[in-house]
Amino acid sequence: MADIESATAQKLLKAFMQFRKTGWHAKKIGGYNPSEFKVLVTIQQGANEKNNEMKVSEISQRLQVTPPTVTQIVNILEKDGLVERTIDPDDRRAVKIKLTSAGMEATASAKNRFTKTFTGLIDYLGEEDSERLAVLLDKVHHYFNEQGR
C-alpha cells in the first residue's frame, strides 16, 4: 500500500487541491451556472427527440435530480425568458417546458462556449495526453465510487 507521505501521494494531493481551487466545475457557462446550463441542454435534447416540450419529471430523470430542484431552475430560466411553461392538453395536471427562441439562442451560445473550452484543453494538452487524461479521470471516478460503498 502506498504511503501518504510518499512523493507521489503528495503530488496527487497537491494536484487535486489545485484542481479543486480552479472552481472549473462551478464556473458559469455562457453566463449560466452549470445547473441552468444542464437544464437548458436537456430541454434542447428532449425537444430534438420529440415534440419540443418536456415535463419537469422527464428533465429530473435525465439529470438524476429531484423535480423540486428542476422546478427551481425552471423558475429562474422562465423569469429570464429562456423557457416557457404550457399546460398539457391531454393531462391538465401536467406542465410542459420548452425553450423560447431566446432560450434556443442562449443554449446554442453556451454550448459553443462549453465546446470551445474542452477543444481548447485538447489543443493545449494534445490528443494523446487528452485521451490519457480521460482514461485516468475515469479510473479516478471509479476508484472514488468504490470507496463510497
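This text goes with the structure placed above it.
Calculation notes
- Numbering of residues starts from 1 in every chain and runs along the sequence as written.
- Note on the predicted model: pLDDT of at least 70 is required for a residue's local features to be given, and 80 or more for side-chain atom pairs to be given and counted; whole-chain, interface and lining totals, by contrast, use all residues.
- Side-chain measures here rest on the full set of heavy atoms in the structure, leaving out hydrogens and waters.
- Per the convention used, a helix needs a DSSP run of H or I reaching at least four residues, while a strand needs a run of E reaching at least two, with both numbered from the N terminus.
- To pair, rings of Phe, Tyr and Trp, with the six-membered ring standing in for Trp, must have centres within 6.5 Å; the planes then decide the type, stacked if under 30 degrees apart, edge-to-face if over 60, and tilted in the middle.
- Note on classification: 1.4 Å probe, protein chains only; a residue is buried when its accessible area is under 20% of the maximum for its type, exposed when over 50%, partly exposed between these limits.
- We treat two strands as partners when DSSP finds at least two bridges between them.
- Whether two residues are in contact is decided by their heavy atoms: any pair within 4.5 Å suffices.
- Interaxial angle, 0 to 180 degrees, is taken between N-to-C directions of lines fitted to C-alpha atoms, where a helix line uses only the stretch in contact.
- The sense of a crossing depends on the near helix, which, turned anticlockwise from the far helix by less than a right angle, makes the crossing left-handed and, turned clockwise, makes it right-handed.
- Amino acid classes used here: Ala, Val, Leu, Ile, Met, Phe, Trp, Tyr, Cys and Pro are nonpolar; Asp, Glu, Lys and Arg are charged; the rest, including Gly, are polar.

Caption draft 1: Representation of unusual backbone geometry within the structure. One non-glycine residue, Q64, lies in positive phi territory at about 55 degrees. Position of Q64 relative to the elements: it lies in the loop between α3 (56–63) and α4 (67–79).

Caption draft 2: A look at the packing of aromatic side chains. If you walk through the whole model with that rule in mind, you get four aromatic pairs. Consider the rings of F16 and F144, whose centres lie 6.1 Å apart with planes at 80 degrees: the pair is edge-to-face. Here F16, found in helix α1 (residues 7–22), pairs with F144, found in helix α6 (residues 127–147); they are 128 residues apart in sequence, far enough to count as distant. What makes F144 partly exposed here is its relative accessible area of 47%. Taking the centre distance of 5.2 Å and the plane angle of 50 degrees together, the rings of F114 and F118 count as tilted. Remark: F118 and F114 occur in helix α5 (residues 101–125); sequence separation between them is four residues, near one turn of the helix. According to the relative accessible area criterion, F118 is partly exposed, its value standing at 35%. Each member of the aromatic cluster is reached from another via a ring pair, and the members are F16, Y143 and F144.

Caption draft 3: Examining the sheet that holds strand β2 (residues 83–88) more closely. On the basis of which strands lie adjacent, the open sheet formed by three strands has the order β1-β3-β2 and antiparallel pairing. Edge positions in the sheet fall to β1 (54–55) and β2, since each of these pairs with one other strand and no more. Here two bridges tie β1 to strand β3 (residues 91–99), and the two strands are oriented antiparallel to one another. Looking at β3, one finds that K55 is bridged to K96. Along the sheet face, α4 touches β2 and β3 and points at about 120 degrees away from the line of β2.

Caption draft 4: Expanded view of the packing of α5 against α6. Look at α5 against α6: their axes get within 6 Å of each other, and the N-to-C directions meet at 115 degrees. For α5 against α6, the interelement crossing comes out right-handed. Along its contact with α5, which presents L121, I122 and L125, the element α6 presents E127, D129, S130 and L133. Here the residues of the contact of α5 with α6 are counted per class, giving four nonpolar, one polar and two charged.

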